[in-house]
Amino acid sequence: MDKYNQASFDEVMLFVRREVSQFIDAHPGEVFSAFAFDCNIWEGVELNLCLTTQGYLNEILHYYQTGARKDYYQTDEGILSLKYNTGDWKYQCFSSMNCVKDEDYSYFDTDDKQEKYQYWINLLAQVMNEFLQTPEYAAIPKLLDFKVLVYDHDEDPESSEQRLTAFGDRPAFRLN
C-alpha cells in the first residue's frame, strides 16, 4: 500500500476501532463533544486518541477565565484555542500507538522528512475519515455539534479542518 508504512492502514484502523470501543464501554452515560487524533509525527508517528465532554470543557474554561490570563479566555480566539487543545481535554491520550517502531527516532533522519510527514498525517486523516463510517464511531454518544480532529502536536487545529475537508464537507470536520 505504501513505501513508508510499518503499521499498515488496517492495523491503525483496527487499533482505533478497538480502543474507542473499549473506552466507550468503560464510560457509560457520558456524552462527548469531540474526538481527536493528536499526533506526534516526528517521534515514531505517535497516534494519541483523545475525547472530551462539553461539561469538562465548561469547567476548564471557567478555571481559565478566572486565572491570570482571564482576559484572553473571554475572547472567541481564547475560547476556541481551549476547546480544540487536546491537552486540556478530559480524556487526553486515553490510548496511544506508535505507527513506526523506531526507538531512536531516526525515522526522520533523511532528506525526505517533509514527504514522510505529509504521507503520515494524510494517512491518519484518511483513517479518521473512514473511521466515521464504522459502528464504533456510531456508538460514541455525541452532542449534535460533535467534532473530529487530526493534527500534529505542533499544528493549529485549523490544519485539521483543512486536511479533513479534503474528504468532503462534513459538519464534524468544521471547527466553527
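What you see is a predicted model, and the numbers here were worked out from it, not measured in a lab.

Draft legend 1. Examining the overall build of the protein chain more closely. Regarding its fold elements, the protein chain presents 6 helices and 4 strands. Walking the protein chain from its N terminus toward its C terminus, one meets helices and strands in the order α-β-β-α-α-β-α-α-β-α. For 176 residues, the compact-globule formula gives about 16 Å, and the C-alpha radius of gyration of the protein chain, at 17 Å, lands near that figure. For the protein chain, with 176 residues in total, the buried portion stands at 46%. Counting only contacts in the protein chain whose residues sit at least 6 apart along the sequence, the fraction spanning at least 24 positions is 71%. For the protein chain, the separation between the mean place of its 15 positive charges and that of its 31 negative charges on side chains is 5 Å.

Draft legend 2. Broad picture of the nonpolar core. By size, the foremost hydrophobic cluster in this structure holds 39 residues, and its most contacted members are Val16, Phe35, Phe37, Leu47, Leu124 and Val148. Contributing elements (two or more residues each) for this core: helix H1 (9-26), strand S1 (32-40), strand S2 (46-52), strand S3 (91-98), helix H4 (113-131) and strand S4 (142-152). By residue number, the principal contributor to this core is H4, which donates 9 residues. Listed in part, the 13 residues of the second largest apolar core include Ala34, Cys50, Leu57 and Tyr73.

Draft legend 3. Summary view of the side chain of aspartate 88. Among the structural elements, aspartate 88 can be located in the loop between helix H3 (76-83) and S3. Separated by 2.9 Å, the side chains of aspartate 88 and tyrosine 64 make a polar contact. With residues up to four places along the chain from it excluded, the contact list for aspartate 88 reads Tyr56, Leu57, Ile60, Tyr64 and Leu82.

Draft legend 4. Broad picture of the sheet that holds S4. Strands sit in the order S3-S2-S1-S4 across an open sheet of 4 strands; the sheet is mixed. A single partner strand is all that each edge strand has here, and the edge strands are S3 and S4. On average, each strand axis in the sheet is tilted by 15° relative to the strand beside it, whichever way the strands run. Direction of pairing for S2 relative to S3: antiparallel, over a ladder of 5 bridges. When the sheet's bridge partners are listed, asparagine 48 is paired in S3 with serine 96. This element, helix H2 (residues 54-65), spans S1, S2 and S4 of the sheet and lies at about 90° to S2.

Draft legend 5. View of the pattern of salt bridges. Under the criterion given, the structure shown has 5 salt bridges. The partner of aspartate 169 in a salt bridge is arginine 174, and the shortest N-O contact between them spans 2.7 Å. For aspartate 169, a relative accessible area of 58% translates into the label exposed.

Draft legend 6. Structural detail: the state of the cysteines. Evaluated as defined, the whole model comprises 0 disulfides. This cysteine, cysteine 50, is not joined by any disulfide, and cysteine 93 carries the nearest cysteine sulfur, 4.4 Å off. Free of any disulfide, cysteine 99 has its nearest cysteine sulfur in cysteine 39, 7.7 Å distant.

Here is what the cut-offs are and how they apply
- Residues numbered from 1 in each chain as written.
- Predicted model: local features only at pLDDT ≥ 70, side-chain atom pairs only at ≥ 80, totals over all residues.
- Heavy atoms only, no water.
- Helix = DSSP H or I, 4+ residues; strand = E, 2+ residues; numbered from the N terminus.
- Rg over C-alpha atoms; globule rule 2.2 N^0.38 Å.
- Buried < 20%, exposed > 50% of the residue type's maximum accessible area, 1.4 Å probe, protein only.
- Contact = heavy atoms within 4.5 Å.
- Lys, Arg positive; Asp, Glu negative; His and termini not counted.
- Charge placed at Lys NZ, Arg CZ, Asp CG, Glu CD.
- Core = buried A, V, L, I, M, F, W, Y, C linked by side-chain atoms within 4.5 Å.
- Polar contact = N/O pair within 3.5 Å; in protein donor to acceptor, adjacent residues only side chain to side chain.
- Pairing = 2+ DSSP bridges.
- Axes fitted to C-alpha atoms, helices over the stretch in contact; angles between N-to-C directions.
- Salt bridge = Lys/Arg side-chain N within 4 Å of Asp/Glu carboxyl O.
- Disulfide = S-S within 2.5 Å.

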